[in-house]
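# Tertiary structure, described
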Amino acid sequence: VGILAFVLPTNLSAQPYGYEGTQVCGMCHKTEKAGQQLKIWQESKHAQAYKTLLTPEADKIAAEKGFKTKAVETKECLKCHATGYDVDKSLIGTKFKVEDGVQCESCHGAGSAYKAMAVMKSREESIKKGMTFHEDKTKYCVGCHNPESPTYKEFKFEEMWKKIEHKVPKG
């Protein structure tokens, strides 16, 4: 388990919506009929990303990179290992936990305005309310999975995507 890259493609603190957390997303996205997105995330390394920053290995790497704080306190580590770590507390829902690592809202945007079922039933409405879909998933993912990471291993997007792909069934 290593530290991912030090480059995040967007500044998450600049967004106007609030973070809800995996518990809120998972209320609807856990059943087989809905696509089991929560289970797919829970079984992924993304769910463990924050925890890797709590290891002695991560602290050693942070120190070698010249950081004076523990890895879990270092922005350059957090930006690829945690969602919402730098967001104003007024934009954090009561069930949100930074410790959940790279979670739903890391890729799909803060969910406070699109979490309602009435909104989620319409992709267009969800996007209007802040939901993000990445047309070029590879480009988005390599914002963290790239050679700037001190523990980088070749990133094979197609292979990795199969591990976290989570389609929403039609009907």
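This write-up is about the structure you can find in this document. (Residues numbered from 1 in each chain as written. Predicted model: local features only at pLDDT ≥ 70, side-chain atom pairs only at ≥ 80, totals over all residues. Heavy atoms only, no water.)

## What to know about helix α10 (residues 157-164)
- Within α10, burial applies to F157, W161 and I164. Projected onto a plane normal to the axis of α10, the buried residues spread over an arc of 65° and lie on a single side. Away from the buried face of α10 by more than 90 degrees, exposed residues E158, K162 and K163 are located.
- Those residues of α10 that are buried are in contact with α2 (37-42) and α9 (137-141). (Buried < 20%, exposed > 50% of the residue type's maximum accessible area, 1.4 Å probe, protein only. Helix = DSSP H or I, 4+ residues; strand = E, 2+ residues; numbered from the N terminus. Arc of directions from axis to C-beta. Contact = heavy atoms within 4.5 Å.)

## Points about the state of the cysteines
- Tallied over the full model, the rule gives one disulfide.
- Each sulfur in the disulfide pair C80 and C144 lies 2.3 Å from the other. One disulfide, between C80 and C144, carries an S-S torsion of -90° and so falls in the left-handed class. Placement of the pair is C80 in helix α5 (residues 75-81) and C144 in the loop between α9 and α10, with a sequence separation of 64 residues.
- C28 carries a free sulfur, and the closest cysteine sulfur to it, the one in C25, is 9.1 Å from it.
- Between C104, a cysteine without a disulfide, and C25, which holds the nearest cysteine sulfur, the sulfur-to-sulfur distance is 4.0 Å.
- Here C104 falls in the partly exposed class, since its relative accessible area comes to 24%. (Disulfide = S-S within 2.5 Å.)

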